[in-house]
Amino acid sequence: MDPNRIDVKIIDPKTNRDANGKIYVRKSQGAYQKLRRYGGWFLMVLFAMIPWLSYDGRQAILFDLGKQQFLFFGATFFPQDLTLLALIFVIAAFGLFFLTTFLGRVWCGYLCPQTVWTFIFIWFEEKLEGPANKRRKQDNNKYSSNLILRKAIKHLAWWSVSIITGLVFVGYFIPIKELFVEFFTFKLAFLPAFWVWFFAACTYGNAGWMRAIMCLHMCPYARFQSAMFDKDTYIVGYDTKRGEKRGPRSLKAEKPKDLGDCIDCDLCVQVCPTGIDIRNGLQYECINCGACIDACDKTMERMGYEKGLISYTTEHKLSGKKTKITRPKLIGYGVALLLMIGLLVTQVITVDPVNMSVLRDRSQMYRIDNNGWIENTYTLKILNKTQQTQQYTIDVKGLKDVKWYGSQTITVPAGQLVSEPLSLAVSPDELASPIVKFEFILSDSDGFTLNVESRFIKKL
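Residues numbered from 1 in each chain as written. Predicted model: local features only at pLDDT ≥ 70, side-chain atom pairs only at ≥ 80, totals over all residues. Heavy atoms only, no water.

*Asks:* Before we move on, could you go through the overall build of the protein chain and cite the residues and values that matter?
*Replies:* The helix and strand inventory of the protein chain stands at 15 helices and 16 strands. Against the compact-globule benchmark of 23 Å for 460 residues, the protein chain has a radius of gyration of 32 Å, which places it well outside the compact range. Taking the principal axes of the C-alpha coordinates as reference, the protein chain spans close to 115 × 60 × 35 Å. Buried positions account for 44% of the 460 residues belonging to the protein chain. Taken as a whole, the protein chain presents about 25000 Å² of accessible surface, with 61% of it coming from carbon and sulfur. In the protein chain, 57 positive and 42 negative side-chain charges are present, and the distance between their average locations comes to 9 Å. (Helix = DSSP H or I, 4+ residues; strand = E, 2+ residues; numbered from the N terminus. Rg over C-alpha atoms; globule rule 2.2 N^0.38 Å. Buried < 20%, exposed > 50% of the residue type's maximum accessible area, 1.4 Å probe, protein only. Areas by Shrake-Rupley, 256 points an atom, 1.4 Å probe, with all protein chains shown as cover. Lys, Arg positive; Asp, Glu negative; His and termini not counted. Charge placed at Lys NZ, Arg CZ, Asp CG, Glu CD.)

In structure tokens, the structure reads:
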């Protein structure tokens with residue numbers, strides 16, 4: 001058994017839930033919550049603005065499913081480039097493994113869309129219905145007309161954010177300017193309208209109603225994270241040696257000798273978005289958001305005690321041992337991550353701006369023309385992977401004194417595939433064998449060339 005592995009405890013702590021299990025999250029202020037707030041708004045704005053970026057008169061980033069194209073600024077990627085998408089997913093996986101091994105579940109606490117949208121929804125809730133304790137009392141009493149109005153406005157705000165979220169998300173797959181115009185003028189086709197409302201409903205349900213249920217019971221990451229944790233992973237931890245024995249005391253009174261620094265105010269529980277008590281040790285529900293750290297630090301400051309009773313720390317540090325930052329598992333994830341990033345960059349750089357395939361006429365392998373020359377027929381399929389119309393020149397290498405029947409200059413619109421039939425004729429005296437290998441050479445105005453091998457058949 002790995003001595004560095006941490007056994008995750010599943011316990012029933014003090015909680016900020018009501019009798020029906022609903023969590024009322026108390027507002028927490030501090031350095032970590034400021035980081036979460038600004039980081040969340042930054043990610044929200046980034047998500048909303050990316051589809052509006054333009055490049056050369058087009059949407060800069062667009063997953064055009066109808067045309068089976070992915071536009072990324074000046075480049076166009078097609079289904080045959082899906083290895084790049086696979087590499088992106090592999091990089092995301094190794095990035096998550098590396099981040100989790102080093103800093104625990106900071107993805108969940110700071111970057112996860114579920115967390116970001118949930119706290120935006122809670123912000124509306126606090127502004128319209130008041131702080132957590134007030135909301136709990138109101139929900140347990142008979143609703144007044146004023147409360148019903150405020151709840152109606154809250155749900156209207158939630159739906160507004162949800163609809164905008166659905167529109168922006170679908171805007172990554174359908175040109176966003178046309179999408180917004182057609183949606184708000186009620187001219188949007190059924191299928192895109194369905195997906196807008198589908199993602200809006202998911203956002204409203206997840207961030208408004210389910211919240212921590214998603215993190216606790218539906219997110220697989222919460223279940224397998226312990227496989228990446230070790231005793232040198234930075235987690236939100238409570239210093240038991242310093243904090244115990246817990247006990248309330250007066251603000252101005254001297255600390256009793258038989259009590260630790262924890263005054264048992266339960267603020268760390270009240271601000272927890274998943275409703276746990278961090279003082280009971282590491283639990284799989286903890287999302288490393290740092291809300292309890294900020295709440296505890298403010299209490300320690302008011303009491304005149306040293307901050308850090310709850311902090312980002314490691315199991316080794318809590319037990320008085322030295323934390324090892326560089327360790328084999330972390331280095332392994334880091335090396336794998338860098339290798340995958342390097343491979344992705346290499347593949348993106350080496351992606352050809354044009355693709356050409358050559359098909360021989362299989363109904364007639366060859367024929368002899370009126371001059372006694374051998375003629376073979378081909379179809380060139382040329383895919384322009386740029387976002388500008390291109391003109392290509394076609395030549396051959398490996399055949400002598402070739403007669404062309406067809407155009408050697410082909411114009412292909414941006415992001416389109418053009419099929420060009422042509423025939424080549426060669427004197428039998430120039431063919432050294434029944435089957436001769438040669439190459440079609442495609443070139444553009446920028447000096448890019450692409451060679452594709454084919455065969456010229458004299459006789460079978």
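*Asks:* An account of the domain arrangement of the protein chain is needed here, citing residue identities and associated values.
*Replies:* For the protein chain, the domain assignment lists domain 1 (31–80 + 102–226) and domain 2 (354–457). For domain 1 and domain 2, the distance between their C-alpha centroids amounts to 51 Å. Between domain 1 and domain 2, the contact holds 12 residues from the first and 8 residues from the second. Overall, the association of domain 1 and domain 2 removes approximately 780 Å² of surface from exposure, summing both partners, and the carbon and sulfur fraction of that is 40%. (Domains from an automatic or database assignment. Contact = heavy atoms within 4.5 Å. Buried area = accessible area lost by both parts, 1.4 Å probe.)

*Asks:* Before we move on, can you summarise the sheet that holds strand β11 (residues 390–397) with the specific residues and values?
*Replies:* Ordered in space as β13-β11-β15-β16, the 4 strands form an open sheet in which the pairing is antiparallel. Among the strands making up the open sheet, the edge pair consists of β13 (409–412) and β16 (449–457). Ignoring strand direction, the axes of neighbouring strands in this sheet form an average angle of 30 degrees. Pairing analysis gives 5 bridges linking β11 to strand β15 (residues 435–443), with the strands arranged antiparallel. The partner of D395 across the bridge, within β15, is I441. (Pairing = 2+ DSSP bridges. Axes fitted to C-alpha atoms, helices over the stretch in contact; angles between N-to-C directions.)

*Asks:* Any details on the layout of surface pockets? Residues and values, ideally.
*Replies:* Reported here for the largest pocket is a volume of approximately 2000 Å³. Forming the walls of the largest pocket are 49 residues, and the residues nearest its centre are F63, F89, F169, Y172 and F173. Per-element tally for the lining of the largest pocket: the top contributor is helix α2 (residues 82–103), with 7 residues. Each residue belonging to the lining of the largest pocket can be placed in one class, and the counts come to 39 nonpolar, 7 polar and 3 charged. (1 Å grid on protein atoms, 1.4 Å probe; cavity = no way out; pocket = protein on both sides within 12 Å on 5 of 7 lines; lining within 4 Å. Points joined across faces, edges and corners; volume = space filled by probe spheres on them. Nonpolar A, V, L, I, M, F, W, Y, C, P; charged D, E, K, R; others polar.)

*Asks:* With reference to specific residues and values, describe the pattern of salt bridges.
*Replies:* Summed over all chains, the structure comprises 16 salt bridges. Among the salt bridges present, the one from D139 reaches K22, with a minimum N-O distance of 3.4 Å. Of this pair, D139 sits in helix α5 (residues 132–140) while K22 sits in the segment before α1 (31–49), placing them 117 residues apart in sequence. Taking the relative accessible area as the measure of exposure, D139 reaches 17% and is therefore buried. The partner of R242 in a salt bridge is D261, and the shortest N-O contact between them spans 2.6 Å. Placement of R242 in helix α11 (residues 240–243) and of D261 in the loop between α11 and α12 (267–270) is noted, with a sequence separation of 19 residues between them. Grouping residues by exposure puts R242 and D261 together as buried. Ionic contacts of the salt-bridge type, sharing partners, join the residues K22, E125, E129, R135, D139, K151, K154 and R211 into one network. (Salt bridge = Lys/Arg side-chain N within 4 Å of Asp/Glu carboxyl O.)

*Asks:* Give me the sheet that holds strand β4 (residues 69–72): which residues, what numbers.
*Replies:* Spatial strand order, β3-β4-β5: 3 strands in an open sheet with antiparallel pairing. Of all strands in the sheet, those bounded by a partner on one side alone are β3 (61–64) and β5 (75–77). Strand-to-strand twist across the sheet, computed as the mean angle between neighbouring axes with direction ignored, equals 15 degrees. Where β3 lies against β4, 4 bridges are found, and the strand directions are antiparallel.

*Asks:* Help me get a handle on the environment of I148, residues and values and all.
*Replies:* Its place among the elements puts I148 in helix α6 (residues 145–170). For I148, a relative accessible area of 47% gives the class partly exposed. Along the chain, I148 and K187 lie 39 residues apart, while their C-alpha atoms are 34 Å from each other.

*Asks:* Kindly report on α2, identifying the contributing residues and their values.
*Replies:* Here α2 is 22 residues long and its end C-alpha atoms lie 31 Å apart, about the 32 Å a rise of 1.5 Å per residue gives. For α2, the full list of buried residues reads L84, L87, I91, T100 and T101. Following α2 by one or two positions, G104 adopts a phi angle in the positive range, close to 70 degrees. (Expected span 1.5 Å × (residues − 1).)

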